[in-house]
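# Examining the three-dimensional arrangement
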Amino acid sequence: MATKSQELYQEAVKVIPGGVNSPVRAFGSIGGKPRFIKSAKGAYLYDEDDNCYLDFVGSWGPMILGYGHETVLNCVQEACRRGLSFGAATAAEVDMAKLVCELIPSVEMVRMVNSGTEAVMSAIRAARGFTGRDKIIKFAGCYHGHCDSLLVQAGSGVMTAGVPDSLGVPGNCTRDTLSARYNDLQTVKAHFERCGEEIAAVIVEPVAANMGVVPPIPGFLEGLRNLCDSYGALLIFDEVITGFRLAIDGAQGYYGITPDLTVLGKIIGGGMPVGAYGGRREIMELVAPCGGVYQAGTLSGNPVAMAAGIAQLTILKEHPQYYRDLNEKGDWFFERLKECVKNSGKPWQVNHVGSLGSLYFTEQKVVDYESAKTADTKVFADYCNYMLAQRFYFAPSQFEAIFLSLAHTEEMLRKTLERITIFLQKI
């Protein structure tokens, strides 16, 4: 007898490409079909068949407080009663902008948009407008959304699908995109030495979290900052995943590196669709209507999304111990996961920073795109399907992160480790 999820999937594939509205929701890479989720609360997801899963995706990161936080929901409900959208300026946009600028010192001005992809596109345009240069350096395996110019050796869903780039992207769109190796300053330096006067910016995930989780090696981020300063290029931190997760001031605060522009998303909407980019005042004042860098969005700064984001960020601001608690929880979980792997006699790798981590089924230490690709995706598929059957919900891709939230308890995490240990002993 077909489950409701299976029935919904059969209907979905008739009207939605692949039956999903984002490739990362597809379960094809693990030989399965997507679960259709009906509701969530705390650290748990409930599918249309009323199965309960302990969740480690967190809507891909933003649910740092867990699902259904009462304060956030109340603020959203109040905002909905006032109106879903106006297409006009609201006080909530001002409050959100002031809050972001207060919490992230490198952001002196900020523009709200509707997604991380839109934020990245806009930040790059601002960087090009400010510098008068065209070329951008990105890193293999880092994913910055699906804009044409950055679908070059992208991570995340592109890695999962085994597609290095994308059809429909003209060659001219990527002509000014230079690809370097993450954690390898020499590949960045070589680009600057060859065409430094043409490079507008370097864009990087300060913690790569779209080829699994790959932390920066000591000196890497500092080296990027120095190279950009030496050649007059801008440093853009894509903090769509790390922003307000590793620390209240993001990865830039966690590592003590100041970028020129910052891209944000997900978490600043408390789970609602939202993105933002911001940085130094002299750069942001070039954005329309102040300057000649055009960017617009009818629904940017949506009042409901602003209400959710302000509520979540205010809670995090007022409880600084939450970050200590969450990062300690991450250290506890991932260090014990390393012990589980070691005790099983398997050569697999565990990477993590704070509440972000990955279990890679490879013998090779994972420090960049090439080493991430050595992971055995067939073993991962077995692992993911086993955990799903045991009602633990992990992203259906070797190259996505594990996200912990404040709603995860030690008891939940111990049970998770017990199940992972059983799987490791079986293979």
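Check the entry above for the structure.
### Thoughts on the overall build of the protein
Each helix and strand counted, the protein has 14 helices and 14 strands in total. Its C-alpha atoms give the protein a radius of gyration of 21 Å, near enough to 22 Å, the size a compact globule of 427 residues would have. Considering only C-alpha atoms, the protein reaches an extent of 60 × 55 × 45 Å along its principal axes. Every one of the 427 residues in the protein was classed for burial, and the buried ones make up 55%.

### What to know about the environment of W348
Considering the arrangement of structural elements, one finds W348 in the loop between helix 11 (321-344) and strand 11 (349-353). Sequence separation of W348 and L424 is 76 residues, and the distance between their C-alpha atoms is 9.9 Å. The residues contacting W348, other than those within four sequence positions of it, are V341, L359, Y360, F361, T362, E363, L424 and I427.

### Comments concerning the pattern of salt bridges
Tallied over the full model, the rule gives 16 salt bridges. We note a salt bridge from K415 to E411, for which the minimum N-O separation is 3.5 Å. One end of the pair is K415 and the other is E411, both in helix 14 (residues 410-426) and four residues apart, which spans about a single turn. Residue classification places K415 among the partly exposed positions, given a relative accessible area of 45%. Ionic contacts of the salt-bridge type, sharing partners, join the residues R225, D229, D260, R280 and E282 into one network.

### Structural notes on the packing of helix 2 (residues 70-82) against helix 10 (residues 303-318)
Running from N to C, helix 2 and helix 10 point in directions that differ by 155°, and their axes come no closer than 8 Å. Considered as vectors, helix 2 and helix 10 are oriented roughly antiparallel to each other. As helix 2 runs across helix 10, the sense of the crossing is right-handed. Across from T71, V72, C75, V76, A79 and C80 in helix 2, the residues of helix 10 making contact are P303, V304, A307, A308, A311, Q312 and I315. Of the residues in the contact of helix 2 with helix 10, the class split is 11 nonpolar, two polar and no charged.

### Overview of the nonpolar core
Judged by nonpolar contacts, the single largest core of 74 residues is most densely connected at F244, I268, F361 and Y383. Considering every element that reaches this core, the biggest residue donor is helix 10, with 10 residues. Setting aside residues up to four positions removed in sequence, F244 forms contacts with I64, L103, I104, G250, L264, I267, I268, L313, L316 and Y323. Listed in part, the 31 residues of the second largest apolar core include A180, F220, A233 and A372.

### A look at the pairing of strand 8 (residues 234-238)
The element strand 8 is extensively covered by neighbouring structure, given that five of its five residues are classed as buried. Going residue by residue along strand 8, you find L234, I236 and D238 tucked away on one face and L235 and F237 tucked away on the opposite face as well. Judged from the four bridges that link them, strand 7 (residues 199-204) and strand 8 form a sheet pairing that is parallel. Bridging from a neighbouring strand, V202 pairs with L235 of strand 8. Tracing the backbone out of strand 7, into helix 7 (residues 220-231) and back to the parallel element strand 8 gives a crossover that is right-handed. Where strand 8 lies against strand 9 (residues 261-265), three bridges are found, and the strand directions are parallel. What sits directly across from D238, in strand 9, is V263. Read from strand 8 through helix 8 (residues 250-255) to strand 9, the crossover connection turns out right-handed.

Thresholds, definitions, all that
Residues numbered from 1 in each chain as written. Predicted model: local features only at pLDDT ≥ 70, side-chain atom pairs only at ≥ 80, totals over all residues. Heavy atoms only, no water. Helix = DSSP H or I, 4+ residues; strand = E, 2+ residues; numbered from the N terminus. Rg over C-alpha atoms; globule rule 2.2 N^0.38 Å. Buried < 20%, exposed > 50% of the residue type's maximum accessible area, 1.4 Å probe, protein only. Contact = heavy atoms within 4.5 Å. Salt bridge = Lys/Arg side-chain N within 4 Å of Asp/Glu carboxyl O. Axes fitted to C-alpha atoms, helices over the stretch in contact; angles between N-to-C directions. Parallel < 35°, antiparallel > 145°, perpendicular 65-115°, else oblique. Left-handed = near helix turned anticlockwise from the far one by under 90°. Nonpolar A, V, L, I, M, F, W, Y, C, P; charged D, E, K, R; others polar. Core = buried A, V, L, I, M, F, W, Y, C linked by side-chain atoms within 4.5 Å. Pairing = 2+ DSSP bridges. Right-handed = clockwise from strand over helix to strand, strands pointing away.

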